[in-house]
Amino acid sequence: MPTGLRFLESITLLILDVDGVLTDGGLPYSADGNEIKHFHVQDGGAIRLWQRMGGVVALLSGRTSPAVVARARDLGISLVLQGVADKLPAYEELCRKAGVTDARVCVMGDDLLDLPPMQRSGYSIAPSNALPVVKRVATYVTRRCGGAGAVAEAVERLLRRNGTWSAAMRQTGVHG
């Protein structure tokens with residue numbers, strides 16, 4: 001094996017930022033001051049597929065929102081850390097809780113706070129609407145924007161990378 005290339009381990013933990021990844025990054029508020037978040041249904045379906053294939057999902061957000069707790073509950077995501085100003089220690093905590101090493105983690109982020117865990121993880125993904133510096137750090141940049149199916153695209157990429165995409169499609173009844 002050439003020097004500098006390491007064995008590519010299967011990714012088992014997918015850590016997602018919320019604003020700009022699971023949402024479009026906008027911060028709309030209702031008239032009574034409550035924050036509203038819009039999540040894409042295709043991302044939710046992909047997260048469920050990732051979980052069915054044995055993967056674990058965690059949410060790691062710099063902001064705190066009850067909508068994130070509700071969405072995580074809907075999707076069966078138990079690893080949720082919000083209001084995190086320094087994401088690297090939180091990333092380390094999520095890895096410990098999931099029992100994985102950096103090589104088995106993919107972080108998907110779009111903003112400056114996401115850079116330290118993206119750089120530490122074995123694989124990193126940025127949505128197409130990420131900051132340019134984040135896209136330069138990412139292993140892969142999706143064609144789709146955050147909040148518009150970027151997570152679904154990322155999950156497909158990871159399942160293909162892990163060699164489980166065909167099995168995932170068979171589980172959903174898709175053949176060919």
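All of these numbers come straight from a predicted model, not from anything done at the bench.

Reading the values: the criteria
Residues numbered from 1 in each chain as written. Predicted model: local features only at pLDDT ≥ 70, side-chain atom pairs only at ≥ 80, totals over all residues. Heavy atoms only, no water. Helix = DSSP H or I, 4+ residues; strand = E, 2+ residues; numbered from the N terminus. Rg over C-alpha atoms; globule rule 2.2 N^0.38 Å. Buried < 20%, exposed > 50% of the residue type's maximum accessible area, 1.4 Å probe, protein only. Expected span 1.5 Å × (residues − 1). Contact = heavy atoms within 4.5 Å. Pairing = 2+ DSSP bridges. Axes fitted to C-alpha atoms, helices over the stretch in contact; angles between N-to-C directions. Core = buried A, V, L, I, M, F, W, Y, C linked by side-chain atoms within 4.5 Å. 1 Å grid on protein atoms, 1.4 Å probe; cavity = no way out; pocket = protein on both sides within 12 Å on 5 of 7 lines; lining within 4 Å. Points joined across faces, edges and corners; volume = space filled by probe spheres on them. Nonpolar A, V, L, I, M, F, W, Y, C, P; charged D, E, K, R; others polar. Parallel < 35°, antiparallel > 145°, perpendicular 65-115°, else oblique. Left-handed = near helix turned anticlockwise from the far one by under 90°.

1. Looking at the overall build of the protein chain
Next, step 1: Secondary structure summary: the protein chain contains seven helices and six strands in total.
Next, step 2: In sequence order, the protein chain lays out its α and β elements as β-α-β-α-β-α-β-α-β-α-β-α-α.
Next, step 3: Relative to its length of 176 residues, the protein chain is compact, with a C-alpha radius of gyration of 16 Å against a globular reference of 16 Å.
Next, step 4: Projected onto its principal axes, the C-alpha positions of the protein chain cover 60 × 40 × 30 Å.
Next, step 5: Within the protein chain, buried positions represent 45% of all 176 residues.

2. What about helix α6 (residues 150–162)?
Next, step 1: Between its first and last C-alpha atoms α6 spans 18 Å; for 13 residues at 1.5 Å apiece the expected length is 18 Å, and the two agree.
Next, step 2: Of the positions making up α6, those classed as buried are A150, V151, A152, E153, A154, V155, L158, L159 and N162.
Next, step 3: Looking at the buried side of α6, the elements it contacts are β1 (13–16), α1 (41–52), β4 (105–108), β5 (123–126), β6 (140–141) and α7 (165–171).
Next, step 4: Immediately beyond the C-terminal end of α6, within one or two residues, lies G163, with a positive phi of roughly 80 degrees.

3. Examining α1
Next, step 1: The terminal C-alpha atoms of α1, which comprises 12 residues, lie 17 Å apart, in line with the 16 Å expected from a rise of 1.5 Å per residue.
Next, step 2: Listing the buried residues of α1 in full gives D43, G44, A46, I47, L49 and W50.
Next, step 3: Against the buried residues of α1 lie β1, β2 (56–60), α2 (66–75), α6 and α7.
Next, step 4: Immediately beyond the C-terminal end of α1, within one or two residues, lies G54, with a positive phi of roughly 100 degrees.

4. Structural notes on the sheet that holds β1
Next, step 1: A sheet is described by the order of its strands in space; here six strands give the open sequence β3-β2-β1-β4-β5-β6, paired in parallel fashion. Each of the sheet's edge strands pairs with one partner strand only, and the pair in question is β3 (79–81) and β6.
Next, step 2: Here β2 runs beside β3; their pairing, made up of three bridges, is parallel. The partner of A58 across the bridge, within β3, is L79.
Next, step 3: Contacting β1, β2, β3 and β4, helix α3 (residues 87–98) runs over the sheet at an angle of about 165 degrees to β3.

5. Here we look at the nonpolar core
Next, step 1: Counting residues in hydrophobic clusters, the biggest one holds 31 residues, and the most contacted among them are L16 and L59.
Next, step 2: Of all the elements in the fold, those that place two or more residues in this core are β1, α1, β2, α2, β4, β5, α6 and α7.
Next, step 3: Once you skip the residues sitting within four places of it in the chain, L16 turns out to touch V21, L22, I47, V57, A58, L59, L60, M108 and V151.
Next, step 4: Core analysis: the second largest hydrophobic core is formed by 20 residues, L60, Y91, V134 and A138 among them.

6. Some thoughts on the layout of surface pockets
Next, step 1: A volume near 180 Å³ is recorded for the largest pocket.
Next, step 2: Grouping the constituent residues of the lining of the largest pocket by class yields one nonpolar, two polar and seven charged.

7. Regarding the environment of V80
Next, step 1: Tracing the backbone shows V80 in strand β3.
Next, step 2: V80 gets classed as partly exposed once you look at its relative accessible area, which sits at 27%.
Next, step 3: Along the chain, V80 and A58 lie 22 residues apart, while their C-alpha atoms are 5.7 Å from each other.

8. So, the packing of α1 against α2
Next, step 1: For the pair α1 and α2, the least separation of the axes is 10 Å and the interaxial angle reads 50 degrees. Here α2 runs oblique to α1, going by the angle between their axes. For the crossing formed where α1 meets α2, the hand is right-handed. For the pair formed by α1 and α2, the contact residues are G44, I47, R48 and Q51 on the first element and R71, D74 and L75 on the second.
Next, step 2: When the residues that make up the contact of α1 with α2 are grouped by side-chain class, the tally is two nonpolar, two polar and three charged.

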